[in-house]
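Each chain, written out:
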Amino acid sequence: MKKTTLALAIGLITTGLLTGCGSDNDGPAASVSNDNKFFNRTASFPVCDQVGSSCEDSTPTAAEIVAASEDGMTLIYSNSLKGEAGFVDIADPANPKALGALPMGGEPTSVTVLGSYALVAVNTRTDYVNVSGKLVVVDIARREKVAEIALGGQPDSVARSKDGKYVAVVIENERDETLGNGAPPQSPAGSLMIIDVAGAPATWKTRSVALTGLASLYPGDPEPEYVSINDDNVAVVTLQENNHIALVDLASGKVTRHFSAGSVTLDRVDLTDAPRPNQISFSEVMNARLREPDGVTWISRDQFVTANEGDLNGGSRGFSIFNTDGTVAYDSGNTLEHLMARIGHYNDKRSDAKGNEPENAAFGRFEGTDYLFVASERSSVVAVYDMSKKNTPAFKQVLPAGVAPEGVLAIPSRNLVIAASENDDRAGVVRSVLNIYQYQNARAAYPTLQSVDRADGTPIPWAALSGMAAAPSGTLVYAIDDSFFRGNRIFEIDTSLKPASLKREIRILDSSGKIAALAAQLPAAKDDNAFDATDLAALVNADGSVNLDPEGISMASGGGFWIASEGSGTVGDSAYPVKSANLILKVSASGVVEDIILLPADVNARQVRFGFEGIAESSGKLVVAFQRAWQGESQPRIGVFDLATRNWQFLFYPLDAVASPNKGWVGLSDITALGNNQFLVVERDNQGGPDARIKRLYRIDLTGKNPGDTVSKTLVRDLLPDLRAPRGVVPEKIEGLAVLASGDVLIVNDNDGVDGSSGETQLIHLGPILK
């Protein structure tokens, strides 16, 4: 496969008629909403943990599409990167166990289960013209191949009928995107293969259903993408590039109905990529955007849901409910985009493309309530909707996933939902995982932080949180975003609520020209080994907002904030020329820069690109933590700036040794004052997931220390158990630390702006751990 009902105006226009017709949802009784039960993650199984693999090996491995045995105890997933199908025991959903993998003799693209068999669609083509594929029938208990059925083309999705009579396989015969402009038509055409299930697998017969001549777009080159089968043995097939949908009666093998997927016009969306100043702005209009659906699932005998990911020129950033006559019963409009911004999962680097890219959808009835699950590939979450009210999906919750969930599976008999996240890049601190969620008598554990609306009714968008500081009293904390958006803001967060509420954004502005005034203190000529006057222009945007890399924030005793901005570049390294220095900025309560503090010139001469990470004010001094050792030094500095004399002194911090099997480095992140010249610091490695080893809080005491001394440290808490408690992948960057007036400690991770990251943000309340 290629890659909320919220109180917001959807601004939706469709080419189809929005209707309320269609039959009631299937089941012995009507769906009834349940406000007491939610889905929560119980485990994340790294695919690199499979038998025969190792998470200490960088070989890419992935779970793309996932199915479950009839009893729901075993997961089977397609692993196209390694050419195998993998098996996982989920008898205990909190402790999944690897069962091994089976080579498929090609590239597995999808999997489903029929009785005791796993049916794996496998691509065996030699190129885009000479296409071939097979359906491999596997005995699940013995994990052995039973039969192989030739498919005559390159398969993608596979589904089985509820009564077990039929299997449907999409023959995509995908195009070569490097040929010409990559657009259709390109032979051979795709089709649908029906397999009649009777007798032993070796005797199953195949029938091909032509899909040519249906769509108005590229009618001679259909590219079917996904298939789902309803209780009447009607298959719905999405033709993504053709922006078309076909219904096929499996008994007769006839296309009974087909229609365009239509288009959507969305208002209040963001169509401009990061990086650029002024953040995400839901102020643009997308006209007549083709839906180009990918995943599809039936929700009743005569309605189905499409995930409108898009491919060529489309992608409407949401999902739609279709009636079988082709009319649109519901479209989510811009609400998924707004939801992702509200929870910090909006990937701004995809704004000009297809946004959050809904990839797939699943449906299931859990204890009398019908739920829809929509997987967002680029925002790496699964959005859950209560489907109890016909044609009115009600947003229930959002589930965090690994990077790029491709397959989503509901297992109502066991109260489980599975999402398969396919991206795997050990060097990029990303591992493919199977996410396991359970329907529980408990409140939703995620998100841990969500924003309120701006005055225009759209959510305050946020991501890439770095430093954090607590207000002098109460439960408010202030966080800062880093350089990702190139227009920095301070966020006011109420941590007394669950989830915590990001209730205000404060833009940092250089209204008084303090940054420009630095020119008098800097070299005038361009110098790649120094912060010079020519670098200043890039630090202030045209609207006066600043483009810095804030990594630390502290409350200022006289009002406002202190901000530690990390410098850019390494002296003497042409690959990373110096573009900015490490700066301390005094910012007013309204966000205006009032003062700027530079490091001494002899210290700047040692600059590396791992500089200021945290800042704290205490007893008339500012204390800043450098992330790593600078040139000619073996340990990172702790800088102490006297606000009265405006003089610097420097101490050194003893880092723990690298312990990760993936090597990397160890450095400092945030720092906060505890009083009596004591400080709490975050020490971490640059590893995540199975490779993470060092995520710790240490206490340091600067009493009696002289310039050049190395401080001693006392372990306060190993954070790894806390980071594993949400049952997901351990995040790499623990970058925010705050101590409330009550003494409770909070930490937060930086989600890197959802760029190469799942976007998951864990704001964790550690409690009164300092007592």
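Everything below is about the structure shown above.
Reading guide: rules and limits
Residues numbered from 1 in each chain as written. Predicted model: local features only at pLDDT ≥ 70, side-chain atom pairs only at ≥ 80, totals over all residues. Heavy atoms only, no water. Helix = DSSP H or I, 4+ residues; strand = E, 2+ residues; numbered from the N terminus. Rg over C-alpha atoms; globule rule 2.2 N^0.38 Å. Buried < 20%, exposed > 50% of the residue type's maximum accessible area, 1.4 Å probe, protein only. Areas by Shrake-Rupley, 256 points an atom, 1.4 Å probe, with all protein chains shown as cover. Lys, Arg positive; Asp, Glu negative; His and termini not counted. Charge placed at Lys NZ, Arg CZ, Asp CG, Glu CD. Disulfide = S-S within 2.5 Å. Pairing = 2+ DSSP bridges. Axes fitted to C-alpha atoms, helices over the stretch in contact; angles between N-to-C directions. Salt bridge = Lys/Arg side-chain N within 4 Å of Asp/Glu carboxyl O. Contact = heavy atoms within 4.5 Å. Phe/Tyr/Trp six-rings, centres within 6.5 Å; stacked < 30°, edge-to-face > 60°. Lys NZ or Arg CZ within 6 Å of the ring centre and 35° of its normal.

Description of the overall build of the chain
For step 1, the next point in the chain: Counting its secondary structure elements, the chain contains three helices and 51 strands.
For step 2, the next point in the chain: In terms of overall dimensions, the chain is globule-like: its C-alpha atoms have a radius of gyration of 28 Å, near the 28 Å expected for 771 residues.
For step 3, the next point in the chain: Its C-alpha atoms give the chain principal-axis dimensions of about 90 × 55 × 50 Å.
For step 4, the next point in the chain: Here the chain holds 771 residues, and 61% of them are scored as buried.
For step 5, the next point in the chain: Accessible surface computed for the chain: about 26200 Å², of which carbon and sulfur atoms make up 49%.
For step 6, the next point in the chain: In the chain, 68 side chains carry a positive charge and 95 a negative one; their mean positions are 3 Å apart.

Focus on the state of the cysteines
In a disulfide, the sulfur atoms of two cysteines are held together by a covalent bond.
For step 1, the next point in the chain: For the structure on display, the rule yields one disulfide.
For step 2, the next point in the chain: In this model, Cys48 is linked to Cys55 through a disulfide, with the two sulfur atoms separated by 2.0 Å. Measuring handedness by torsion sign, the sulfur bridge of Cys48 and Cys55 sits at about 85° and is right-handed. Residue Cys48 shares its accessibility class with Cys55, and that shared class is buried.

Looking at the sheet that holds strand S34 (residues 476–481)
For step 1, the next point in the chain: Ordered by their spatial adjacency, five strands build an open sheet running S32-S36-S35-S34-S33, and the pairing between neighbours is mixed. For this open sheet the edge positions go to strand S32 (449–451) and strand S33 (465–470), each flanked by a neighbour on one side alone. Adjacent strand axes in the sheet meet at a mean angle of 35° when their direction is disregarded.
For step 2, the next point in the chain: In this sheet, strand S36 (residues 500–507) lies alongside strand S35 (residues 489–494) in antiparallel orientation, the contact comprising six bridges. What sits directly across from Phe491, in S36, is Glu505.

Looking at the pattern of salt bridges
Any two side chains of opposite charge can pair, so long as their charged atoms come close to each other.
For step 1, the next point in the chain: With the rule as written, the count across this model stands at 44 salt bridges.
For step 2, the next point in the chain: For Asp139, the salt bridge goes to Arg142, with nearest N and O atoms at 3.4 Å.
For step 3, the next point in the chain: The salt bridge involving Arg317 is made with Glu337; its shortest N-O contact spans 2.9 Å. Linking Arg317 in the loop between strand S22 (303–307) and strand S23 (319–323) with Glu337 in helix H1 (residues 335–342), this pair joins segments that are 20 residues apart in sequence.
For step 4, the next point in the chain: Through salt bridges with shared partners, a single ionic network connects Arg175, Glu177, Glu223, Glu241 and Asp311.

What to know about the pairing of strand S43 (residues 637–642)
For step 1, the next point in the chain: Counted residue by residue, S43 has six buried out of six residues, so it is predominantly covered.
For step 2, the next point in the chain: Judged by which residues are buried, S43 turns out to be covered on both faces: Arg637, Gly639 and Phe641 on one side and Ile638, Val640 and Asp642 on the other are all buried.
For step 3, the next point in the chain: Across five bridges, the pairing between strand S42 (residues 621–626) and S43 is antiparallel. Bridging across to S43, Lys621 finds its partner in Asp642.
For step 4, the next point in the chain: Here six bridges tie S43 to strand S44 (residues 647–652), and the two strands are oriented antiparallel to one another.

Here's the deal with the sheet that holds strand S25 (residues 358–366)
Whenever strands of a sheet pair, they do so through backbone hydrogen bonds, lying parallel or antiparallel.
For step 1, the next point in the chain: Strand order across the open sheet formed by four strands is S25-S26-S27-S28, with antiparallel pairing between neighbours. If you trace the sheet from one side to the other, it starts and ends with S25 and strand S28 (394–400), each paired once. Ignoring strand direction, the axes of neighbouring strands in this sheet form an average angle of 20°.
For step 2, the next point in the chain: Across six bridges, strand S27 (residues 381–386) lies against S28 in antiparallel orientation. Across the sheet, Val382 pairs through a bridge with Leu399, a residue of S28.
For step 3, the next point in the chain: Together, S25, strand S26 (369–376), S27 and S28 form the strand contacts of H1, whose direction differs from that of S27 by roughly 120°.

Focus: the environment of Val711
For step 1, the next point in the chain: Inspection of the secondary structure assignment puts Val711 in the loop between strand S47 (695–701) and strand S48 (713–718).
For step 2, the next point in the chain: Along the primary structure Val711 and Asp670 are separated by 41 residues, whereas in three dimensions their C-alpha atoms are 16 Å apart.
For step 3, the next point in the chain: Ignoring sequence-local partners within four residues, the contact set of Val711 consists of Leu651, Phe652, Tyr653, Pro654, Ile700, Leu702 and Lys705.

Things to note about the packing of aromatic side chains
For step 1, the next point in the chain: With the rule as written, the count across this model stands at 27 aromatic pairs.
For step 2, the next point in the chain: Chaining the aromatic ring pairs together yields one cluster made of Phe612, Phe626, Trp630, Phe641, Trp648 and Phe650.
For step 3, the next point in the chain: Lying across the ring of Phe610, Arg628 places its NZ or CZ 4.5 Å from the centre.

Some remarks on unusual backbone geometry
For step 1, the next point in the chain: Along the chain, Pro184 connects to Pro185 via a cis peptide bond; the corresponding omega equals 0°.
For step 2, the next point in the chain: Structurally, the position occupied by Pro185 is in the loop between strand S12 (166–171) and strand S13 (191–196).
For step 3, the next point in the chain: Residue Pro188 follows Ser187 across a cis peptide bond; omega there is 0°.
For step 4, the next point in the chain: Here Pro188 lies in the loop between S12 and S13.
For step 5, the next point in the chain: Even without glycine at this site, Glu292 takes up a positive phi of about 45°.
For step 6, the next point in the chain: As for its placement among the helices and strands, Glu292 is situated in the loop between strand S20 (284–290) and strand S21 (296–300).
For step 7, the next point in the chain: The class of Glu292 is buried, set by a relative accessible area of 1%.
For step 8, the next point in the chain: Even without a glycine there, the phi angle at Asn676 is positive, about 55°.

Geometric descriptors of this kind do not, in isolation, establish any biological role.
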